[in-house]
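Working through the structure, step by step
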Amino acid sequence: MELVVETGREDNGFGLVEQARAGLNRHKVDEVAQLIGLTDKEMAPILNLSERTLHRLRPDVRLDSNASERLLLLEALIRHGLDVFDERADVLSRWLRVPLAELHRQTPLALLDTLVGFGMVHTVLGRIEYGIYA
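Residues numbered from 1 in each chain as written. Predicted model: local features only at pLDDT ≥ 70, side-chain atom pairs only at ≥ 80, totals over all residues. Heavy atoms only, no water.

Going by an unreviewed UniProt entry, the chain carries the name Putative toxin-antitoxin system antitoxin component (TIGR02293 family) and comes from Spirosoma oryzae.

This is the structure we're talking about:
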């Protein structure tokens, strides 16, 4: 199974690879989380960090490449979700927290601790986008 993320960029994602390798600043975590009201407790497993580590990081500290890549994936997923739900952040936020039958009764948010989970959530959003029901 291949994870395909639409970046909306013409560089085929190479810019994202460079950003992930260079590392994003901690303040970017807060920017992305604010898009749909995610807490540090919800962000920590997505970034593969402990909540305590996330809290301790100063805003100007760079995340490692793993956490940076996951943050970029989350941002792309949020943008996809906002497109699907007509820019309604409140609707996307609720949807991410509701267990779905097509995800084996797990919430989309719970699956974002793995890269495969990101792909699965994108797939469900795509099905919603194109009117394909489970």
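1. Points about the UniProt feature "domain: Antitoxin Xre/MbcA/ParS-like toxin-binding" (unreviewed entry) in the chain
Just so we agree on the cut-off: UniProt positions are given in the numbering used here, feature names are shortened, and annotations may be inferred rather than shown by experiment. Helix numbering and strand numbering both begin at the N terminus, where a helix is a DSSP run of H or I of at least 4 residues and a strand a DSSP run of E of at least 2.
When the UniProt feature table is mapped onto this chain numbering, "domain: Antitoxin Xre/MbcA/ParS-like toxin-binding" (unreviewed entry) sits at residues 83-131. Annotation note: span residues 83-131, helix share 59%, strand share 0%, distance between end C-alpha atoms 14 Å.

2. Examining the UniProt feature "domain: Antitoxin Xre-like helix-turn-helix" (unreviewed entry) in the chain
UniProt records the feature "domain: Antitoxin Xre-like helix-turn-helix" (unreviewed entry) for residues 16-74 in the present numbering. Annotation note: span residues 16-74, helix share 69%, strand share 0%, distance between end C-alpha atoms 12 Å.

3. Some words on the packing of helix 5 (residues 65-84) against helix 6 (residues 89-96)
Each packed pair of helices is defined by two parameters, the angle between the axes and the distance between the axes. The following threshold applies: Note on method: axes are straight lines fitted to C-alpha atoms, helices fitted across the in-contact stretch only, with angles between N-to-C directions ranging 0 to 180 degrees. Should the near helix be turned counterclockwise from the far one by less than a right angle, the crossing is left-handed, whereas a clockwise turn marks it as right-handed. Note on contacts: a residue pair qualifies if any of its non-hydrogen atoms lie within 4.5 Å across the two residues. Put simply, Ala, Val, Leu, Ile, Met, Phe, Trp, Tyr, Cys and Pro go in the nonpolar bin, Asp, Glu, Lys and Arg in the charged bin, and everything else, Gly too, in the polar bin.
For the pair helix 5 and helix 6, the least separation of the axes is 9 Å and the interaxial angle reads 115 degrees. As for how helix 5 packs across helix 6, the hand of that crossing is right-handed. Here Leu-77, Ile-78, Gly-81 and Leu-82 of helix 5 lie close against helix 6, whose contacting residues are Ala-89, Leu-92 and Leu-96. Residues belonging to the contact of helix 5 with helix 6 are distributed by class as follows: 6 nonpolar, 1 polar and no charged.

4. Details of helix 6
For clarity, the cut-off: Each residue's exposure class comes from its accessible area (1.4 Å probe, protein chains only) as a fraction of the maximum for that residue type: buried when under 20%, exposed when over 50%, partly exposed otherwise.
Of the positions making up helix 6, those classed as buried are Val-91, Leu-92, Ser-93, Trp-95 and Leu-96. Buried residues in helix 6 make contact with helix 2 (26-36), helix 5, helix 7 (108-111) and helix 8 (115-129).

5. A look at the nonpolar core
To be explicit about the condition: Among buried residues, those of type Ala, Val, Leu, Ile, Met, Phe, Trp, Tyr and Cys that are joined through side-chain atoms within 4.5 Å constitute a nonpolar core.
Of all hydrophobic cores here, the largest spans 36 residues; its most connected members are Met-43, Leu-71, Leu-74, Leu-92, Trp-95 and Leu-112. Considering each element in turn, this core owes the most residues, 9 residues, to helix 5. Setting aside anything within four residues of it in sequence, one finds Leu-112 in contact with Ile-46, Arg-70, Leu-74, Leu-77, Gly-117, Phe-118 and Val-121.

6. Details of the side chain of Arg-26
To keep things clear, this is the line we draw: Whenever a nitrogen or oxygen atom comes within 3.5 Å of another N or O atom, the pair is scored as a polar contact, on the condition that within protein one atom can donate a hydrogen and the other can accept it, and that pairs from neighbouring residues in sequence are kept only if both atoms are in side chains.
With respect to the element layout, Arg-26 can be found in helix 2. Overall, Arg-26 belongs to the buried group, its relative accessible area being 5%. Here the side chain of Arg-26 touches Asp-40 through a polar contact of 3.3 Å, side chain to side chain. Not counting the four nearest positions on each side in its chain, Arg-26 is found in contact with Asp-40, Leu-54, Leu-57, Arg-58, Pro-59 and Val-61.

7. Structural notes on a negative patch on the surface
Definition in use: Think of a patch as exposed residues, more than 30% relative accessible area, with no salt bridge, where like charges cluster within 9 Å and nonpolar side chains (Val, Leu, Ile, Met, Phe, Trp, Tyr) cluster within 5 Å. The Shrake-Rupley method, run with a 1.4 Å probe sphere, supplies the accessible areas, and residue values consider only the shown protein chains as cover. Salt bridges are defined as contacts in which a side-chain nitrogen from Lys or Arg sits within 4 Å of a carboxyl oxygen from Asp or Glu. Just so you know, the count uses Lys and Arg for positive and Asp and Glu for negative, and it drops His and the chain ends. By convention, the point assigned to a charge is CZ for Arg, NZ for Lys, CD for Glu and CG for Asp.
Together, Asp-83, Asp-86, Glu-87 and Glu-129 make up a region of like negative charge exposed at the surface. Looking at the secondary structure, you find Asp-86 in the loop between helix 5 and helix 6.

8. Quick look at the environment of Asp-64
Relative to the helices and strands, Asp-64 resides in the loop between helix 4 (51-56) and helix 5. A polar contact of 2.7 Å, which involves the side chain of Asp-64, links it to the backbone nitrogen of Ala-67.

9. Digging into the pattern of salt bridges
This structure, assessed with the given rule, holds 9 salt bridges. Close ionic contact of Asp-30 with Arg-26 constitutes a salt bridge, the shortest N to O distance being 2.7 Å. Residue Asp-30 and its partner Arg-26 are located together in helix 2, separated by 4 residues, close to a single helical turn. Linking Arg-58 and Asp-60 is a salt bridge whose minimum nitrogen-to-oxygen distance equals 3.5 Å. For Arg-58, a relative accessible area of 53% puts it in the exposed group. In this structure Asp-60 comes out as exposed when scored by relative accessible area, which is 52%. Through salt bridges with shared partners, a single network forms among Lys-28, Glu-31, Glu-75 and Arg-79.

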